[in-house]
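Topology and contacts: notes
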Amino acid sequence: MDTNFLMIEGIPFPGKTYNRDDIISIRDEFVVKDEDTIVLSYPKSGTNWMIEIVGLIHCKGNPTWTHSVLSWERSPWLESIGGYRYVKNNRNDVHFYTSHLPIQLFPKSFFNSKAKVIYLIRNPRDVLTSGFHFFKAVQYIKSPETFDQYFECFLQGNVIYGSWFDHIRDWLQMQGKENFLVIFYEELKQNTASTVEKISQFLGKQLGPEELNSVLKNMSFEVMSSNKMANFSILPEDILDHSKGQLMRKGVTGDWKCHFTVAQNEAFDKVYQEKMANFPPGSFPWEK
Ligand code: A3P
């Protein structure tokens, strides 16, 4: 799709918002602190939803913070040029940040820390579909011309952050570690309250019934869609062309079924089965 990727250790990044020195410095020099909480995901898995949830849990359901501070200041995107600068300049105040990095480019210091990572995973078919719509609007990435073209690129890992399959397979080696929580977009949709409680327990924040209700209300698609601090509507047109796409698009599971042809579905399944062969059947919610 995009021949202008900045390739760093085999992973494609959009050249305009990343630079090689920062990515290498994040991996080799950035110090993750024990008290940090990191939202980690492959792009389009519901990252911004998790940022909102973590912020709301942190404030015990009080939406003042999530409704008054931009999401990328509440939880800066570590490896973007602006995000890394922000984190470095405000290191003493930043305890939440976000990353899409694959494991081999993640800060090495994390692996000897007690920092908490929430790794969010979503059905790759919906990730692909969401990405197709969103990246059409992102000005610093060459737009996918057709769904078919983007579909092929996604299966080959020729998209930003590389292969979904590699990202998931490599990060899931961390599953079971005390400071690494795996959450599925699908479980958040289906069992919202119990999944939020699981996250709040992991973060060491006990929520009372009223507090939980407020988290649930303010993390809803409806409330988040109208939260200017979270819905990307404030992003300038030279970053996001709002007439072409938006972050808060549909917020559902299974939208891929409205996009994949029968042939694409078969092609996807074939690659999926090959790449995910090491996971026992039923390992992921969409396989059940
Ligand atoms: P769709 O494009 O399928 O609607 P990311 O934050 O990783 O870029 O992911 C964006 C996806 O998360 C979008 O999916 C968006 O609608 C979905 N999302 C964001 N907030 C959500 C919410 N409150 N409830 C459900 N889905 C949400």
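Structure first, text after, so check above.
Residues numbered from 1 in each chain as written. Predicted model: local features only at pLDDT ≥ 70, side-chain atom pairs only at ≥ 80, totals over all residues. Heavy atoms only, no water.

Here the focus is the sheet that holds strand S4 (residues 96-99). Strand order in the open sheet formed by four strands is S4-S3-S5-S6, with parallel pairing between adjacent strands. The outermost strands of the open sheet, each flanked by one partner alone, are S4 and strand S6 (180-184). Here the strands of the sheet are splayed against their neighbours by 20 degrees on average, with no regard to which way each runs. As judged from the five bridges shared by strand S5 (residues 116-121) and S6, these two strands associate in the parallel manner. Residue pairing across strands places Ile121 opposite Phe184, the latter belonging to S6. Relative to the sheet, helix H8 (residues 164-171) contacts strand S3 (37-41), S5 and S6, its axis offset from that of S5 by approximately 140 degrees. Contacts between helix H10 (residues 192-202) and the sheet are confined to S5 and S6, with S6 contributing the most and set at about 165 degrees to the helix. (Pairing = 2+ DSSP bridges. Helix = DSSP H or I, 4+ residues; strand = E, 2+ residues; numbered from the N terminus. Axes fitted to C-alpha atoms, helices over the stretch in contact; angles between N-to-C directions. Contact = heavy atoms within 4.5 Å.)

Among the 18 residues in the neighbourhood of the ligand, the closest are listed as Thr47, Ser130, Tyr185, Lys250 and Gly251. Contact distances for the ligand include 2.8 Å between an oxygen atom and a side-chain N or O atom of Lys44. Between the ligand and Lys250 there is a distance of 2.7 Å, counted from an oxygen atom to a backbone nitrogen or oxygen. Notes on the ligand: free accessible area 560 Å², of which the protein chains cover 97%. When residues of the shell around the ligand are traced back to their parent elements, those giving at least two are helix H2 (47-58) and helix H12 (221-225). Take the shell around the ligand: its biggest share by element is three residues, from H2. Split by residue class, the shell around the ligand holds seven nonpolar, seven polar and four charged. (Near = heavy atom within 4 Å. Polar contact = N/O pair within 3.5 Å; in protein donor to acceptor, adjacent residues only side chain to side chain. Areas by Shrake-Rupley, 256 points an atom, 1.4 Å probe, with all protein chains shown as cover. Nonpolar A, V, L, I, M, F, W, Y, C, P; charged D, E, K, R; others polar.)

All of the buried residues along H10 are Thr195, Val196, Ile199, Ser200 and Phe202. In an axial view of H10, the angular spread of the buried residues amounts to 160 degrees, which keeps them on one side of the axis. The inward-facing, buried residues of H10 contact H2, S5, S6, helix H9 (185-190) and helix H11 (209-218). After H10 finishes, the residue Gly204 shows a positive phi value of roughly 70 degrees. (Buried < 20%, exposed > 50% of the residue type's maximum accessible area, 1.4 Å probe, protein only. Arc of directions from axis to C-beta.)

What follows deals with the nonpolar core. Counting residues in each nonpolar core, the largest one holds 92 residues, and the members touching the most others are Phe13, Met50 and Trp164. By residue number, the principal contributor to this core is H2, which donates seven residues. Not counting the four nearest positions on each side in its chain, Met50 is found in contact with Val39, Ile118, Leu120, Ile183, Leu188 and Ile199. (Core = buried A, V, L, I, M, F, W, Y, C linked by side-chain atoms within 4.5 Å.)

Attention now moves to the packing of H2 against H10. The description of two helices packed together rests on the angle between their axes and the distance between the axes. Where H2 contacts H10, the axes come no closer than 10 Å and their chain directions differ by 65 degrees. In this structure, H2 meets H10 at a crossing whose hand is right-handed. Along the contact surface, H2 presents Met50, Ile53 and Ile57, while H10 presents Val196, Ile199 and Ser200. Residue classes in the contact of H2 with H10 are distributed as five nonpolar, one polar and no charged. (Left-handed = near helix turned anticlockwise from the far one by under 90°.)

What follows is about the environment of Phe180. By the element assignment, Phe180 lies in strand S6. When residues no more than four places from it in sequence are discounted, the contact partners of Phe180 are Leu40, Val117, Tyr119, Trp171, Met174, Gln175 and Phe202.

What follows concerns the environment of Thr195. Structurally, the position occupied by Thr195 is in helix H10. Take Thr195: its relative accessible area is 2%, and that puts it in the buried class. Sequence separation between Thr195 and Pro63 is 132 residues, and the spatial gap between their C-alpha atoms is 19 Å. Side-chain polar atoms of Thr195 contact the backbone oxygen of Glu187, separated by 3.2 Å.

What follows is about helix H6 (residues 124-135). With 12 residues, H6 should cover 16 Å at 1.5 Å per step; its first-to-last C-alpha distance of 16 Å lies within 8% of that length. For H6, a buried count of 12 out of 12 residues is recorded, marking the element as mostly surrounded by other parts of the structure. Those residues of H6 that sit buried are Pro124, Arg125, Asp126, Val127, Leu128, Thr129, Ser130, Gly131, Phe132, His133, Phe134 and Phe135. Summarising the contacts, the buried residues of H6 are in contact with helix H7 (147-156), H8 and helix H13 (262-275). You can read the cap of H6 off the contacts: a side-chain oxygen lies 3.0 Å from the backbone nitrogen of Arg125, and it is on Asn123. (Expected span 1.5 Å × (residues − 1).)

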